[in-house]
Amino acid sequence: MSTLWQGRFDGDPADELMAYTASIGFDVRLAPDDIAGSRAHVLMLGRVGLLDEAEVDQVLAALDQAEAELAAGDFAFAPGDEDIHTAIERRVTELAGEAGAKLHTGRSRNDQVATDLRLFCKRELAAIAADVIALQQVLLDRAIAAGDAYLPGYTHLQRAQPVLLAHHLLAHGWALARDVDRLADARTRLDVSPLGAGAVAGSSLPLDPYMAAAELGFAARFENSMDAVSDRDFVAEALFALTMVAIHLSRLGEEIVFWTSEEAGFATLDDAYATGSSMLPQKKNPDIAELARAKAGRLIGNLTGLLATLKGLPLAYNRDLQEDKEPLFDTLDQVRLGVRAMTGLMTSIAFNTDTMAAAADAPTAAATDLAEHLVASGMPFRDAHAAVGDLVRRSLEGEGSLADLVQADPRLGEEAAQLLAPGVPVTRRTTPGGAGLQSVRAQMANFQTQLIAESSRFD
């Protein structure tokens, strides 16, 4: 069995070693990036005179063929292919002969895989960001369509104050906006080319890392070869940013689970985005929302697992770093699926606005408005809070309806009792960023501007 490192060893590696250490089963996803990195490396070798023009052409042609075979599913992997880097180099050497054997000149798999993974993350984080922005747009569209519909706002999962449905939906949209910002920020920080760092210390050959970086579209080249090959901060950052997306999907999912329950009845899932029961014919289950909660836990595990791997590694490269890819790939896949599934769910869900309003119109939902009415007349807030709290308690104990007690109270009276009328409290929210009509209209305009700015960061 031929390997890249066979010259130092006598005989073939043990089957158990290959079975345990090979990464070809998952790092084949890096094939497009490995081809791109190899092209840039070959062009650089030609520019500095380490390959002649004919050799450059031969190797580039071989890379083109290997790329086409991989894309068509015709690439024949060999038993000695430990990873995608080995497989591509072997195939290029088969096709280009002696010129192909020069492909690895001045390069190590250490700087090669670091380059591939950065290219992969740049592309994939941008794609995830686009999906998140699409979900934000759906939330904005549904907020606009919701008009003046309102529902209870909750704290501690207890009804607090009425809020516009649009305000509630956009709360999730702003959380996702922070996710897009984190994805963009992580992508900016990883935009550094490690190619040319070699195994640990660079090379005695006249390599040009600047050219390789420019050819691959990186914003900069590495400054320290040891750091370049051992750095996986960018993977950890990517995992954190992606995991925060998953956490925000989980929170939105929990909202949907509650809203679509019979106990709340605030929303109804479209049949295409719900599942049934194998035993209970009446059931309509919010499986997407529930799995959004569960998968967030799984992705937290991916992040903490990688951090535990990184925490004790000496400089520079160690094979432990092979364990960065599977958690990254899994997290990317699950976030992509989750964002798209939740986008479909939120596009198609039906809001039961009458039920929402009925829940929000409970007299106690206006308690804060009563206290603020007293404050506006000159009473200290703490005294107003106690006065209204006493009326609520007396109402709950059966002394009379809250409206009657308010009307009979000389500090409040008829004018204050009108605050308990259905739909009135939500109209009284006037502060910027609040849940009132004018504030939410301004917020929607700001959110649209935010979406435009987010999209421009990934153009």
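My aim in this report is to walk through the structure given alongside it, one point at a time. Keep in mind it's a predicted model, so treat the numbers as computed, not measured. (Residues numbered from 1 in each chain as written. Predicted model: local features only at pLDDT ≥ 70, side-chain atom pairs only at ≥ 80, totals over all residues. Heavy atoms only, no water.)

Here's the deal with the packing of aromatic side chains
Following the criterion strictly, the structure yields 6 aromatic pairs and no others. Taking 4.8 Å as the distance between ring centres and 50° as the angle between the ring planes, the aromatic pair formed by phenylalanine 75 and phenylalanine 77 counts as tilted. Through a chain of ring-to-ring contacts, the aromatic side chains of Tyr154, Phe258 and Phe266 assemble into a single cluster. Its guanidinium or amino end placed over the ring of phenylalanine 329, arginine 29 lies 4.7 Å from that ring's centre, counting from NZ or CZ. (Phe/Tyr/Trp six-rings, centres within 6.5 Å; stacked < 30°, edge-to-face > 60°. Lys NZ or Arg CZ within 6 Å of the ring centre and 35° of its normal.)

Thoughts on the pairing of strand 2 (residues 158–164)
The pairing of strand 1 (residues 150–155) with strand 2 spans 6 bridges and is classified as antiparallel. Residue pairing across strands places leucine 151 opposite valine 163, the latter belonging to strand 2. (Pairing = 2+ DSSP bridges. Helix = DSSP H or I, 4+ residues; strand = E, 2+ residues; numbered from the N terminus.)

Re the nonpolar core
If you look at the biggest cluster of nonpolar residues, it comprises 100 residues, and the most contacted ones within it are Leu165, Trp259, Leu328, Met346 and Phe351. At 15 residues, the largest contribution of residues to this core is made by helix 6 (residues 109–146). In terms of nonpolar packing, the next biggest core, distinct from the first, is built from 18 residues, Ala366, Ala367, Ala371 and Leu374 among them. (Core = buried A, V, L, I, M, F, W, Y, C linked by side-chain atoms within 4.5 Å. Buried < 20%, exposed > 50% of the residue type's maximum accessible area, 1.4 Å probe, protein only.)

Some details on the side chain of threonine 343
Residue placement: threonine 343 occurs in helix 12 (residues 325–348). The buried category is assigned to threonine 343, whose relative accessible area is 15%. Those residues in contact with threonine 343 that sit more than four places away from it in its chain are Asp131, Ala134, Leu135 and Val138. (Contact = heavy atoms within 4.5 Å.)

Points about the packing of helix 3 (residues 31–47) against helix 5 (residues 84–96)
Each pair of packed helices gets described by two things: the angle between the helix axes and the distance between those axes. Taken N-terminus to C-terminus, the directions of helix 3 and helix 5 make an angle of 55°; their axes are 10 Å apart at the nearest point. With respect to helix 5, the axis of helix 3 lies oblique. Here the hand of the crossing between helix 3 and helix 5 comes out right-handed. Touching Ala31, Asp34 and Ile35 of helix 3 are Ile84, His85 and Ile88, all from helix 5. (Axes fitted to C-alpha atoms, helices over the stretch in contact; angles between N-to-C directions. Parallel < 35°, antiparallel > 145°, perpendicular 65-115°, else oblique. Left-handed = near helix turned anticlockwise from the far one by under 90°.)

Overview of the pattern of salt bridges
Two side chains bearing opposite charge may form a pair once their charged atoms approach each other closely. Following the criterion strictly, the structure yields 34 salt bridges and no others. Here arginine 394 and aspartate 390 are joined by a salt bridge, their closest N and O atoms 3.9 Å apart. Of the two residues, arginine 394 and aspartate 390 both sit in helix 15 (residues 381–396), 4 residues apart, roughly one turn of that helix. Under the relative-accessibility criterion, arginine 394 is labelled partly exposed at 24%. (Salt bridge = Lys/Arg side-chain N within 4 Å of Asp/Glu carboxyl O.)

Focus on a nonpolar patch on the surface
A surface patch of nonpolar side chains, about 260 Å² in accessible area, is lined by Val200, Met226 and Leu315. Looking at where methionine 226 falls in the secondary structure, it is placed in helix 9 (residues 225–230). (Patch = residues over 30% accessible without salt bridge, like charges linked within 9 Å, V, L, I, M, F, W, Y side chains within 5 Å. Areas by Shrake-Rupley, 256 points an atom, 1.4 Å probe, with all protein chains shown as cover.)

No statement about biological role is implied by the geometric values presented.
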